[in-house]
Amino acid sequence: MMEIRILWLYHDLMDLYGDKGNIMVLKTRAEKRGIHCFVDTCTINEEKDIASYDLLFLGGGADHEQNLIYEDLLARKEAIQEALAKKTAALLICGGYQLFGKYYLDQDGNRVEGLGIYDYYTESSDRDHRCIGNIAIEATIDGETFKAVGFENHGGQTKNVATPLGKVLKGHGNTYGDGTEGFVDDCVIATYMHGPLLPKNPRIADCILTRALNKKGQLQGNKLEPLDDSLEQQAQQIMLKRLGVA
Ligand code: GLN
């Protein structure tokens, strides 16, 4: 039987706008295909063998929570790098996305160090200019291009993103002006999209499950069995129409 082992980082602190729903979607979509899905959690000071999991998940957080977790996260830098080198998949949302870059400068000028695994960095705009609202993007992951929708609420403006996840169709994304959203590479999918992200974006969920299964070669070159996503597609269409980008 195929199995996916997920490590949900700082589940008790980093969880905004339904981010935990991403875990529920991954588990449900795995189990509907007869794939066993084991979800473990890891909070401050807990010992875990990070590289042994197939998928890491880190949700978003307000500045307060980012400040609470960043030292513990930095202490795990080597373990996280080892996990990524072993092709562990990762999904990072908003505040979690920011902390894999060089640093996050919050609206009070307080600097939160990031893991620095990637060269992007995040600096906040003033309090009156948060990026808030529904967002639609055209995402490209592993050679597939499709629309995705979500909800964003961040002051941070993420710059120097080498390989964005997608183009903004409506909303803000990485910064006000540059029209890009998120970050993607062979392991990591990172985005400002809460909502949660995956219920209305089943294709992203399947990209992540595929990556997680491929870590140990479990799919053997096969594709995931398709599921009936008509309700999910309808939900996404409603938001795309509302935003005028259907
Ligand atoms: N605190 C960060 C910001 O405002 C991230 C917020 C979030 O995760 N939604 O930019």
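None of these values were measured; they are calculated from a predicted model.

**Looking at the site of the ligand**
Contacts to the ligand come from 16 residues, most closely from D63, Q66, C94, G156 and H194. G156 has a polar backbone atom sitting 2.9 Å from an oxygen atom of the ligand. Mapped by element, the contributors of at least two residues to the shell around the ligand are α2 (63–75), α4 (95–99) and β9 (144–154). Considered class by class, the residues forming the shell around the ligand number 4 nonpolar, 10 polar and 2 charged.

**Section: the pattern of salt bridges**
Two side chains bearing opposite charge may form a pair once their charged atoms approach each other closely. Summed over all chains, the structure comprises 15 salt bridges. As a salt-bridge pair, D206 and R29 come within 2.9 Å of each other at their nearest N and O atoms. One end of the pair, D206, is in helix α5 (residues 202–215); the other, R29, is in helix α1 (residues 20–31), with 177 residues separating them in the sequence. Given the relative accessible area of 5%, R29 is considered buried. In this structure, R76 engages D72 in a salt bridge whose closest nitrogen and oxygen atoms are separated by 2.8 Å. Taken together, the shared-partner salt bridges connect R29, R33, D206 and D229 into one network.

**Thoughts on the sheet that holds strand β6 (residues 111–113)**
Taken in spatial order, the 4 strands line up as β6-β5-β7-β10 in an open sheet, and their pairing is mixed. Each end of this open sheet is capped by a strand with a single partner; those strands are β6 and β10 (156–159). When the angles between neighbouring strand axes are averaged without regard to direction, this sheet yields 15 degrees. Alignment of strand β5 (residues 103–105) against strand β7 (residues 121–124), held across 2 bridges, turns out to be parallel. Note on β7: the bridge partner recorded for L105 is E123. Strands β5 and β6 of the sheet are contacted by α2, whose axis makes an angle of about 35 degrees with β6.

**Details of the nonpolar core**
What tends to happen in soluble globular proteins is that the nonpolar side chains get buried as a cluster. The biggest cluster of nonpolar side chains holds 69 residues, and the ones touching the most others in it are L84, F100, V188 and L198. Here this core takes 7 residues from α5, the largest share from any one element. Setting aside chain neighbours within four positions, we find L84 in contact with A90, F100, I117, Y118, C187 and V188.

**Section: the side chain of D54**
Tracing the backbone shows D54 in the loop between β2 (36–42) and β3 (55–58). Engagement of the side chain of D54 in a polar contact is seen with the side chain of K216, the distance being 2.8 Å. Ignoring sequence-local partners within four residues, the contact set of D54 consists of E3, I4, R5, T88, A89, A212, K215 and K216.

**Thoughts on the environment of M193**
Locating M193 in the fold gives a position in the loop between β14 (188–191) and α5. With a relative accessible area of 0%, M193 lands in the buried category. When the C-alpha positions of M193 and L56 are compared, they lie 17 Å apart, and in sequence the two are 137 residues distant. The contact partners of M193, leaving out residues within four places of it in the chain, are I93, I135, I137, A148, V149, G150, F151 and E181.

**Focus: the pairing of strand β4 (residues 89–93)**
With 5 of its 5 residues buried, β4 lies for the most part within the structure. Here β4 shows two buried faces, one formed by A89, L91 and I93 and the other by A90 and L92. Where β3 lies against β4, 4 bridges are found, and the strand directions are parallel. Note on β4: the bridge partner recorded for L55 is A89. Sheet topology note: the β4/β14 ladder contains 4 bridges and is parallel. Note that in β14 the partner of I93 across the bridge is T191.

**Topic: α1**
Between its first and last C-alpha atoms α1 spans 17 Å; for 12 residues at 1.5 Å apiece the expected length is 16 Å, and the two agree. Taken as a whole, α1 has its buried residues at G21, N22, I23, V25, L26, R29 and A30. Lining the buried residues of α1 we find β1 (3–9), β2, β3, β4, α5 and α6 (230–242).

What counts and what doesn't
Residues numbered from 1 in each chain as written. Predicted model: local features only at pLDDT ≥ 70, side-chain atom pairs only at ≥ 80, totals over all residues. Heavy atoms only, no water. Near = heavy atom within 4 Å. Polar contact = N/O pair within 3.5 Å; in protein donor to acceptor, adjacent residues only side chain to side chain. Helix = DSSP H or I, 4+ residues; strand = E, 2+ residues; numbered from the N terminus. Nonpolar A, V, L, I, M, F, W, Y, C, P; charged D, E, K, R; others polar. Salt bridge = Lys/Arg side-chain N within 4 Å of Asp/Glu carboxyl O. Buried < 20%, exposed > 50% of the residue type's maximum accessible area, 1.4 Å probe, protein only. Pairing = 2+ DSSP bridges. Axes fitted to C-alpha atoms, helices over the stretch in contact; angles between N-to-C directions. Contact = heavy atoms within 4.5 Å. Core = buried A, V, L, I, M, F, W, Y, C linked by side-chain atoms within 4.5 Å. Expected span 1.5 Å × (residues − 1).

Bear in mind that shape data such as this cannot, by itself, settle questions of function.
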